[in-house]
Each structure stands twice: as structure tokens, then as C-alpha cells.
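Close look at the chain arrangement
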Amino acid sequence: MASSLHRFANPNRFMRLSGAVLPWAAVITAILFPIGLYLALFASPPDYQQGETVRIMYVHVPAAWMALFVYTTMAVASAVALIWRHPVADIAARAASPLGAGFTFIALATGALWGQPMWGTWWVWDARLTSVLILFFLYLGHMALFDAFDDPTKGARAAAILALVGAVNVPIIHYSVEWWNTLHQPASILRDGGPSIAASMLWPLFIMAFAFKAYFVTFLLVRMRSDITAAKLRALRRTQVEGAGMSAATPAAAEADRA
Amino acid sequence: MSSFFRTGLEVARRDVRLAVRRAGDTVAVITFFVIAIVLFPLGVGPELSVLARIASGTIWVAALLAAMLSLDRLFLADHDDGSLDLLLLAPVPLEVIVLAKCAAHWLTTGVPLIVTAPLLAVLMNLNFDGLGALILAMALGTPILSLVGAVGAALTVGVRRGGALVPLLVLPLVIPVLIFGVAAIDAAVIGADASAPLMVLGGMLLASLVLAPWAGAAALRLSAE
């Protein structure tokens, strides 16, 4: 396990590998989103109770799944970074957290838009909504802590510890609809006895979920690659500046020699 | 094992002694707690029924914010004068020291907050039936604030202007304390059974007692590198 992990710790190998995966992920995202949105917004039937507003669900549910999935990814990456001092894992956690914050925000915003016609209110303080809002704040804190240190490796380690502490929230969010009597409806896909929604709605939902996931993979890789490239550029510039400083010192020395 | 305990006790005793000799810090935190509560009747209006309704929530919110104010002194003074490096070198696990410092922090801020809270409950016209639940909930909840707060304080110990960052890191994590603390008081006020939210608070206290020293110690080791 550890040795196979270390094979990916090399940023150059990661750059090669991610360079091969990235176009595929991007193409899959570009294909799945139009199909999913068409099916969700036009081709799928309106709900017998919710009417057309059910279409908000096709964005809301995948975004909410991704909000949790990204945090879990981030927590796993943080654990790997802390335990094996894995540099690429730090970069992954850093790259993931703004994406996760974005998904969480989309889930909260679309939930509010759906809640207004369905529940008659934009927001209720039930356990599911509150715990997702806390998740949003955790993402913000993670991003802030990452950038708070002068030394980026220290920021990465501190943020990793915070990500692991915040991971206690993930099961709370997942089970909040079962533990508490929430206005938010309980899970209808991942439940005992199979999904409780019709296949004509399930398919668009799954395609949208895969589209979101492919989008996440694409942008995670783009952000990680640009992070690594930026670090390389910084290192190059530093050696250049040091080299320039040395050559600036030499003419004076040469002159002194001549004199 | 017993040497762990003795060292931990010694660290806690030192922190308490320092806090007692610099009592101004504790007084400032408690004064903040009182003033924050006094602002509510002035802002919301002095209608007693309204104050009674919001009493439990405002007291808890003010206690949370007051605890945030006091967190920077957990590790920052030790970091600045170098004694944190000596504590890191001590021949006991750092987790024990973090736990001891949390205990000292609770004794010097949590306990004064608990003592002050009933007084503020009177100012806020909280029903007397809720008083017992208020004290119990705060007795279970304020140690969580110290423990989770210690993680945030340890994470930001090497950061310039880390003080502004601590509430951003800690407050989201202690929201459950607020929710169940208020739920316990509100249940007692209407004469219902408050034991369920109190038990949840107790569970959170046990969990943070186990987990927070590890996270705090990891963060302190990081700051020393």
C-alpha cells in the first residue's frame, strides 16, 4: 500500500498521469452535462406532487452528494498527507476545497430555490440544512487556514489537521435526516429496499451525478496541475534571481581584480 | 502512568496560577460576557416575555463568543516566551500537556462563565425552571469549548494575526454545543424532559475529550517545526 502510494508522490509522474486522464475527464464532462441537463430539464416527466419544480432536484441532489464526496476526498487526502508526508495529497486537498465549497453553495442555493415554492420558505433551521451550512463554513475555514501561513507546507499540514477534525461532520450530515425529524426529506436513492423514485427520473439524476463527478475530476486535476506548475515556476524564478545576484556581484569583483 | 498524571497536573497548576496572577484576562472575558448579554435587552427592547424567550440562546451565544476571546492565551503566551518549546520537549506525550492546558483553560474561563450565567439568566428573565438545566448544560458544554477551541488555538499558534482566524475555525465546530445547550434549557423551561439534549452534550464532551488532545498536539508539533 505504502509503496504504491509513493509511486504517485513524484509530482512529475503525477503530471504525466494526470495529463493523460485530463482530456478524457474533460470530454466526459462536456458530453454528460448537455445530455443530463436536457433529460432533466425537458425530457423527464414533471412530478405528480411537485410539478416542474422537481427539476431543481437534478442539480440539487448531485451538488449535495458532491459536497460530501469532495469533503471525504479532502479528508482522505489530508490523512494521506499527514501520515505519509505525501506532497501530491496536500496539493489535492488544497485544490479540492474551493470546488467543494462551490458544490456546497450550489446545494444550499438550489435547496433554497426549491424550498420557497415547496415548503413556503427559503430556509429552515432543520438538522440537514444546518449541518450542510456548517460544512460550507468548514470549507471556508480550510481555505483560510491554508493561506494563513508564510510557509506553504505548514499551511498544508495545519489545514490537513483541520480537515480531519471537521470530518466528524460528514456522517452527521448523511444521517441527519434519519436521526432527527427534519423537514428535509430522507434519502430516496441509497436506502434499504432500493430507490423509491421512478426510473424515468432516476436516469437523468444519475447522468447528472456522473456529470458533476466528471466535472470535479476535471477541475481537480486542472487545479492540481496549475499548482504544481506554479510551484515549479517559483523555484525556477528563485534560482534565476539567485543566479542574477551572483553575476551582478562578479563584474565588481572583476573590476577590482583589474585594478 | 502516574508520572503523566503528575506532569499534567503540574502544567495545569502552572496555567491556573498564571491566570490567577494575571486575573485581568479572566475579568475581561467575563465582562465581555456580561456586556454582550446586556446589549440584548437594549437592542431587542425590555419586554420581559421576549427576553425570557431568547434568554437561553443569547446566553449561550455570548458564552461561545466569550470563550473565543479567551482562546488566544491558551498557547500564544507560551509560544511567544519560548516555554512552549520546553513543553514540547517534556518527557510526557504532548497530548497529556494539551489536555492539562485545556483543563486549566476551563477552570479559568469555563467555570467563571458558569458562575456568571445564572446572574445573566435573571437579567434576561429566564424562567427559574430552566436554571438547573442552564448550569448543567454549561457544565457539560464549556469544557467542549475549551477542548475544541484548543485545536483551533494550536493550529493558529504560528500564524500572524491568527486571532481573527480562530473563530472562523472553531465556531462551526461548536455549533452543536449551542444547539443542544439551548435545547436542554428550553426543554426544562416548558417542563419537558431535558435529559436527551444533556446526554448528547455529555457524548460530545466525551468524544472531544478523546479526540481534541490528539489534534491539538499534532498542530502544536507542526508549529514547532
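Residues numbered from 1 in each chain as written. Chains lettered and ligands numbered in written order. Predicted model: local features only at pLDDT ≥ 70, side-chain atom pairs only at ≥ 80, totals over all residues.

1. Things to note about the overall build of chain A
To keep it simple, the criterion reads: Strands are runs of DSSP state E lasting at least 2 residues, helices are runs of H or I lasting at least 4, and numbering of each runs from the N terminus. With C-beta atoms placed from the backbone, the exposure class of a residue follows from how many other C-beta atoms lie within 10 Å of its own: 20 or more, buried; 12 or fewer, exposed; in between, partly exposed. The contact rule is simple: place each C-beta atom from the backbone, and if two of them lie within 7 Å, those residues are in contact.
When its secondary structure is counted, chain A shows eight helices and zero strands. Counting from the amino terminus, chain A carries its helices and strands in the arrangement α-α-α-α-α-α-α-α. Counting the 259 residues in chain A, one finds 34% classified as buried. The contacts of chain A with a sequence gap of at least 6 include a subset with a gap of at least 24, amounting to 76%.

2. Concerning the overall build of chain B
Rules: Each radius of gyration reported is based on C-alpha atoms, and the globular scaling rule is 2.2 Å times the count of residues to the power 0.38.
In terms of helices and strands, chain B carries nine helices and zero strands. When its helices and strands are written in sequence order, chain B yields α-α-α-α-α-α-α-α-α. Compactness check: chain B gives a C-alpha radius of gyration of 18 Å against a globular reference of 17 Å for 225 residues, within 12% of the reference. Each of the three principal axes of chain B carries a C-alpha extent, and together these read 55 × 30 × 30 Å. Counting every position in chain B, which comprises 225 residues, the buried fraction comes to 48%. Considering only residue pairs separated by 6 or more positions, chain B has 80% of its internal contacts joining residues 24 or more positions apart.

3. A closer look at the interface of chain B and chain A
Accessible area lost during the coming together of the parts is what is often quoted as the interface size. Put simply, the rule is: Throughout, the ten residues Ala, Val, Leu, Ile, Met, Phe, Trp, Tyr, Cys and Pro are labelled nonpolar, Asp, Glu, Lys and Arg are labelled charged, and all others, Gly among them, are labelled polar.
Each side of the interface is counted separately: chain B has 15 residues, and chain A has 16 residues. For the side of chain B that touches chain A, the secondary structure elements donating two or more residues are helix H7 (131-155), helix H8 (165-189) and helix H9 (195-224) of chain B. Among the elements that line the side of chain B that touches chain A, the one with the most residues is H8 of chain B, at six residues. Taken together, the residues that form the side of chain B that touches chain A break down as 13 nonpolar, two polar and no charged.

4. Examining the nonpolar core
Applied cut-off: Structurally, a nonpolar core is described as a collection of buried Ala, Val, Leu, Ile, Met, Phe, Trp, Tyr and Cys residues joined by way of C-beta atoms within 7 Å.
Counting 140 residues, the largest nonpolar core has Ala67 of chain A together with Ala63 of chain B as the members making the most contacts within it. Tallying contributions element by element places helix H3 (residues 57-84) of chain A first for this core, with 16 residues. Each residue touching Ala67 of chain A, except ones within four places of it in the same chain, is listed here: Gly100, Phe103, Thr104, Ala107, Val132 and Leu135 of chain A.

5. Considering the packing of helix H6 (residues 152-166) of chain A against H9 of chain B
The line we're drawing: For every element, the axis is a line fit to its C-alpha atoms; helices are fit only across the contacting stretch, and the angle between N-to-C directions ranges from 0 to 180 degrees. Here roughly perpendicular refers to angles of 65 to 115 degrees, roughly parallel to angles under 35, roughly antiparallel to angles over 145, and oblique to all remaining angles.
One way to put it is that H6 of chain A packs onto H9 of chain B with a least axis distance of 10 Å and a crossing angle of 175°. Here H9 of chain B runs roughly antiparallel to H6 of chain A, going by the angle between their axes. In this structure, H6 of chain A uses Lys154, Arg157, Ala158, Ile161 and Val165 of chain A to contact H9 of chain B, whose residues at the interface are Ala215, Ala218, Ala219 and Leu222 of chain B. Considering only residue class, the contact of H6 of chain A with H9 of chain B consists of seven nonpolar, no polar and two charged.

6. Quick look at the confidence of the model for chain B
Residue and element names in this part refer to chain B. Put simply, the rule is: Confidence of the predictor at the level of single residues is given by pLDDT, which spans 0 to 100.
The predicted model of chain B averages 89 in pLDDT, with 100% of residues at 70 or higher. When pLDDT is averaged over each element of chain B, H7 comes out on top at 93 and helix H4 (residues 76-81) at the bottom at 85. As a predicted assembly, this complex carries a pTM of 0.80 together with an ipTM value of 0.76.

7. Some points on the packing of H8 of chain B against H9 of chain B
Residue and element names in this part refer to chain B. Stated formally: Crossing handedness is read from the near helix: turned anticlockwise from the far helix by less than a right angle, it gives a left-handed crossing, and turned clockwise, a right-handed one.
Close contact between H8 and H9 brings their axes to 8 Å; oriented N to C, the two are set at 150°. Here H9 runs roughly antiparallel to H8, going by the angle between their axes. Where H8 crosses over H9, the handedness of that crossing is left-handed. Contacts between H8 and H9 involve Pro176, Val177, Phe180, Gly181, Ala183, Ala184 and Ala187 on the former and, on the latter, Pro197, Leu198, Val200, Leu201 and Met204. Classifying every residue of the contact of H8 with H9 gives 11 nonpolar, one polar and no charged.

8. Details of helix H2 (residues 24-44) of chain B
Residue and element names in this part refer to chain B. Put simply, the rule is: By definition here, a helix of n residues has an expected span of 1.5 Å times n minus one. The directions considered for the arc run from the helix axis to the C-beta atoms.
Taking 1.5 Å per residue as the helical rise, H2 with its 21 residues ought to reach 30 Å, and the 30 Å between its terminal C-alpha atoms agrees with that figure. Among the residues making up H2, those that are buried are Val29, Phe33, Ile37 and Phe40. Take H2 and look down its axis: the buried residues cluster within an arc of 70°, on one side only. Opposite its buried face, H2 presents the exposed residues Gly24, Val27, Ile35, Leu39, Leu42 and Gly43, each directed more than 90 degrees away. Close packing links the buried residues of H2 with helix H3 (48-70) and helix H6 (94-123).

9. Let's talk about the environment of Val174 of chain B
All names here are of chain B. Along the chain, the position of Val174 falls in helix H8. Along the sequence, Val174 and Val148 sit 26 residues apart, while their C-alpha atoms lie 7.4 Å from each other. With residues up to four places along the chain from it excluded, the contact list for Val174 reads Leu64, Ile144, Leu145 and Val148.

10. Quick notes on unusual backbone geometry
Even without a glycine there, the phi angle at Arg85 of chain A is positive, about 50°. Residue Arg85 of chain A is classed as exposed on the basis of its 12 C-beta neighbours within 10 Å. Non-glycine residue Asn125 of chain B carries a positive phi angle of around 60°. By secondary structure assignment, the location of Asn125 of chain B is in the loop between H6 and H7.

11. Brief notes about H3 of chain A
Look at H3 of chain A: 40 Å from first C-alpha to last across 28 residues, which is about the 40 Å you get at 1.5 Å a residue. Downstream of H3 of chain A by one or two residues, Arg85 of chain A has phi in the positive range, about 50°.

12. Things to note about the environment of Leu65 of chain B
Here Leu65 of chain B lies in helix H3. Its 15 C-beta neighbours within 10 Å are what place Leu65 of chain B among the partly exposed residues.

13. Quick word on the confidence of the model for chain A
Summing up the model confidence of chain A, the mean pLDDT is 81 and the portion of residues at 70 or higher is 82%. Model confidence for chain A, summarised as mean pLDDT per element, is weakest for helix H1 (residues 2-7) of chain A at 51 and strongest for H3 of chain A at 89.

14. Quick look at the environment of Leu205 of chain A
Residues and elements named next belong to chain A. Its place among the elements puts Leu205 in helix H8 (residues 199-258). Residue Leu205 is classed as buried on the basis of its 22 C-beta neighbours within 10 Å. Measuring from C-alpha to C-alpha, the distance between Leu205 and Pro62 comes to 7.5 Å, with 143 residues separating the pair along the chain. Those residues in contact with Leu205, other than ones at most four positions away along the chain, are Tyr58 and Val61.

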